Every structure is written in structure tokens, then in C-alpha cells.
Amino acid sequence: MKSAVETLNPTRVRLSIEVPFEELKDSLDAAYKKINQQVTVKGFRKGKIPARVIDQRFGRGAVLEEAVNDALPKFYTEAVNEAEIDVLGQPEVDITELKDGETLNFTAEVDVRPSIEIPDYSGIEVEVDAVEVSDEDVDKAVTELRERFASTSPVERAAEDGDVITIDLEAKVDGEVLEDGVASGVSYTIGSGELLDGIDDAVKGLEAGGEATFTSELKGGSAAGKEAEVTVKVTQVAARELPELDDEFAQLASEFDTLEELRADSRKRLENMKQYDQATQAQERVLEKLLELVEVPVPEKLLEDEVNTRKHNLEHHQLGQMGLDLEKYLEIQGKTAEEFDTETKDAAVKGIKTQFVLDELVKREKLNVNQEELTEHLMRRAASSGMSPDQFAQAVVEGGQVPLLVGEVARGKALAVVVEAATVKDTNGEVIDLDDDEDETAAAPAEDAPAASEETPAEAEEKTEG
């Protein structure tokens, strides 16, 4: 076999491959054997039909077609390996010449990973939010904890903001009661915004036994997105009673003996959260700066596939779970279809560039992933997918996606190298040392990473079901 490579552009090549006919022998033998098992010729046992009879009865062309289809992937792979090119996606194959007994010539056009030069990135400087926790932040955190320990008691008065009411609901669309539009004994906190738009105004001022009707757009169910006439009946009004903010509350709600210790712990937790957010912000901004420094051509076919994958994931998986279609989603977001397409394409371009650049850094820095790092990343991915670590790991292994997770961790480590070399200052002008935070965030470098390459078997299954 002979092959030659022609560079069509920085992200696409054409392979021209010449195969001497004798190298098709194994594929021809396999073709005759396959046809033998599929056809019946009177006078011959199944599977024992001579090649010359198959040629006469079914045509030599059918045998050659079967043999070429069998041989093409093998010779294509050999040519790719021989040329040492990093191909992306499936090739477009064109058979240019097939002479029985002489030669098989074909071309294969395919996208390739572009050659990328990573410049010196040590001069990157970014600014991030300062880690500042105010007394008001602590007050809010303690108040939220206090509300979780609130008790309720029935009252004989009109419902007010903050009350917990028990209600019966009935929804009609076009005058017809929906099969899934009736509910009884629903508990609802007025002002929480957890049910239907307009319900707060409808129930405020009603006592137990009171009833009101209002119009609202249904968020889920068989008539999601449609306007419904909703009748709500209040069966009970209960007032929420918050515990006193004292040492007794601290002992009830935490492992601490005093309210002061509880407040100190809340402050520390808030600081840790803000430090994590700060590290994530630093990664995102350093990545933006890095991408600005590097010229990265994007393969057109890869970009097209990535955009389609992102749209499919959104429409058939994420929005499907929320009972929305794309049109309704765009209406809620206040975007036109053109704006959505532009944003999706921009995100796909950024994701592809991010992966190319970080993969190049992994190779340049000779970064490896150990078992402990892979296990920690797997645990995080399992938690975000809602699966147990064992279930997630089994899905990944069975789907042959372990290299995908290894790549994610490696790219995270590559970004951490760049962040470490960069100068990160907060809004107060203080230089930030992110060494303690990078281990926790390094495995997830960019939210815009390619959807197709970031999808595990478990997530693909969810997408298909959605």
C-alpha cells in the first residue's frame, strides 16, 4: 500500500491511497465467505458454493463491493498511522479507481487536530473578586438556618406573607379540568415562589375555607406552557414561628454550644465558599486570557457537530425535563432564534479551542493522571450526575469512556499550571495564592468544553431518554 497526504487547510487533509490488488486477498476471501452464507444455489450445499459460481450467478461486482467495504477501514487506518496525523471525526471517502486484479485507489478527506503553538503565558494577569464576608452575610446565613428550624401552628385569621397554608388546587384549560390538574392537601409557604405565578396574590387575605380563582401559565404536566384557570381553596392557615436566636438554638441546630461559635463557623463556611468561587473565577479569567494569546483554527465539520450536539442536549434533555420546548425557552430568556444560534456557536468555538489548547499543554508539560486523581474526579462526576460512584464507574467502563475522564483531569491539571504561572489579584489589589484551591477545581477547567466529548455513557443515556 502507498499513501500520500495533502494539506487542504490547517484543519483538513486529503489522503490518497493506492492498494495493490493482492493486498485485497483477505477481504475477497471474507466477501466470498459472507455471500456463501447468505445465498442458496441449487446443487451446492450452503456455504460450499465455489467462487466462480458466485461470480457467474451474482456478479463479480457484488464480491468486489463487499471486499472493498471490508478493506477500506483497514487501509485508511494504516495510512493515518503511517502519516502520524491526529484525525477528528469520520473521513469522506471517494473510490477513484478500482481495477479487478490490478489496483484499488481511493481518497479520504478528514478533519485533523491543528498544530498549535503555545506562547509564553507567564505574563498573564487577571483580577478576581476579593474574599470578604460581612456581618450581614453571616446574619443572612444564620437566619436561613433559623428558618429551617421554624415550627408552624394553625391560626384563625387571614393568610399573610410567610404563612404556611394547606390548599386544594384545580386547573382548567379551555374550560376543561385537566386529568393531572387536581391536587389536594398541598402545603405552600406564601412568598416562596415555588408553585404558580399569581398564587401569592390569590391566597393572601383568605382564611381557612376561602377560595379564589386566578390565571397562570402552567410550568409542568400535560399542559405545560398553556394558560390555565386555577381555582385554589385554602383549608388551613398556619403561622411560622422562628426559634429564638440564642445558645439553645445553636445547640439545637449545630454541634456548637454557643451562638457565637455558630456564627464564627458560619463565617468560616462563607469564606471557604467565596475562596472556591474566587479560584473558579481565576481559572475562567486566566483561560480567557490564554485563548486570546493562541491562534486556534477550528475544523468546520467538528464545529457543526458540536453545535448540533449542544442543541440536541438542550432541546431533548434539559428542556424536556422541564416540560419546555425551545420556542418557550427562548421566550423566557428573551432571546431570538438568531441570538440563540450565535451564542451556541460562540460557546462551541470556545469549547473546541479550550480543549485543543489544554490538550497541547498536557503534551508539552508531559502531564500524567494517577489513579487517585481519576478516582476523585469520577466521584465528583458521579455526584453531579445523580448516580452512585459504582453505577457511574460501571457506565463509564462499559462505554469505554475511561480515556474521556482521564482527558478531563489532564486538561484540568494543564489549566492549573497556567493559573499557577499567572498573576492573580483581587479587587483590593492583593496578590492571591490559589495553590490550596486548585486541587479542588482543576478537574473542571471550562464550562464550555465540547458537549460531545464531555458526555459519559450515563449522560448520553439520559439524553436519549429525554
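Residues numbered from 1 in each chain as written. Predicted model: local features only at pLDDT ≥ 70, side-chain atom pairs only at ≥ 80, totals over all residues. Heavy atoms only, no water.

**Observations concerning the overall build of the protein chain**
Summing up its helical and strand segments, the protein chain has 15 helices and 11 strands in all. The globule rule puts the C-alpha radius of gyration for 466 residues at 23 Å, and the 32 Å found for the protein chain is more than 25% above it. Seen along its three principal axes, the alpha-carbon backbone of the protein chain occupies a region of about 95 × 65 × 40 Å. In the protein chain, which comprises 466 residues, the proportion classed as buried is 38%. When contacts within the protein chain are restricted to residue pairs at least 6 apart in sequence, long-range pairs at least 24 apart make up 70% of them. (Helix = DSSP H or I, 4+ residues; strand = E, 2+ residues; numbered from the N terminus. Rg over C-alpha atoms; globule rule 2.2 N^0.38 Å. Buried < 20%, exposed > 50% of the residue type's maximum accessible area, 1.4 Å probe, protein only. Contact = heavy atoms within 4.5 Å.)

**Digging into the packing of helix α1 (residues 25-38) against helix α2 (residues 51-58)**
Where α1 meets α2, the axes come as close as 11 Å, and the angle between the chain directions of the two elements is 70 degrees. Taken together, the axes of α1 and α2 are roughly perpendicular relative to one another. Crossing of α1 over α2 shows left-handed handedness. Here α1 contributes Tyr32, Ile35 and Asn36 to the contact with α2, which in turn contributes Ala51, Ile54 and Asp55. Per-class residue counts for the contact of α1 with α2 are four nonpolar, one polar and one charged. (Axes fitted to C-alpha atoms, helices over the stretch in contact; angles between N-to-C directions. Parallel < 35°, antiparallel > 145°, perpendicular 65-115°, else oblique. Left-handed = near helix turned anticlockwise from the far one by under 90°. Nonpolar A, V, L, I, M, F, W, Y, C, P; charged D, E, K, R; others polar.)

**Let's talk about unusual backbone geometry**
Among all residues except glycine, the phi angle is most often negative; among peptide bonds, the trans geometry is most common. At glutamate 84, a residue that is not glycine, the phi angle is positive and equals roughly 55 degrees. Structurally, the position occupied by glutamate 84 is in the loop between α3 (60-83) and β3 (87-99). In this structure glutamate 84 comes out as exposed when scored by relative accessible area, which is 72%. At aspartate 174, a residue that is not glycine, the phi angle is positive and equals roughly 55 degrees. Within the secondary structure, aspartate 174 sits in the loop between β7 (164-173) and β8 (176-189).

**Some words on the nonpolar core**
The nonpolar side chains of a soluble globular protein tend to be buried, and buried together. Among the nonpolar cores identified, the biggest contains 34 residues, and Ile124, Leu290, Val357 and Leu361 are the most heavily contacted of them. The greatest single-element share of this core, amounting to seven residues, is contributed by helix α10 (residues 337-365). With residues up to four places along the chain from it excluded, the contact list for valine 357 reads Ile116, Ile118, Leu290, Leu291, Val294 and Val296. (Core = buried A, V, L, I, M, F, W, Y, C linked by side-chain atoms within 4.5 Å.)

**Overview of a nonpolar patch on the surface**
A contiguous nonpolar surface patch, about 220 Å² in accessible area, is contributed by Val93, Ile95 and Leu98. Considering the arrangement of structural elements, one finds isoleucine 95 in strand β3. (Patch = residues over 30% accessible without salt bridge, like charges linked within 9 Å, V, L, I, M, F, W, Y side chains within 5 Å. Areas by Shrake-Rupley, 256 points an atom, 1.4 Å probe, with all protein chains shown as cover. Salt bridge = Lys/Arg side-chain N within 4 Å of Asp/Glu carboxyl O.)

**Overview of the UniProt feature "domain: PPIase FKBP-type" (unreviewed entry) in the protein chain**
Residues annotated by UniProt as "domain: PPIase FKBP-type" (unreviewed entry) correspond here to residues 162-215. Along residues 162-215, the helical share is 9% and the strand share 54%, with 22 Å between the first and last C-alpha atoms. (UniProt positions renumbered as here; feature names shortened; annotations may be inferred.)

**Here's the deal with helix α9 (residues 326-333)**
Along α9, the residues classified as buried are Leu326, Lys328, Tyr329 and Leu330. Immediately beyond the C-terminal end of α9, within one or two residues, lies glycine 334, with a positive phi of roughly 70 degrees.

**Section: the environment of aspartate 135**
Checked against the element boundaries, aspartate 135 lands in helix α4 (residues 135-148). With a relative accessible area of 44%, aspartate 135 lands in the partly exposed category. Taking C-alpha positions, aspartate 135 is 32 Å from alanine 159, a pair spaced 24 residues apart along the chain. For aspartate 135, the residues in contact, after removing those within four places along its chain, are Arg263 and Arg267. One polar contact links aspartate 135 to arginine 267, side chain to side chain, over a distance of 2.6 Å. (Polar contact = N/O pair within 3.5 Å; in protein donor to acceptor, adjacent residues only side chain to side chain.)

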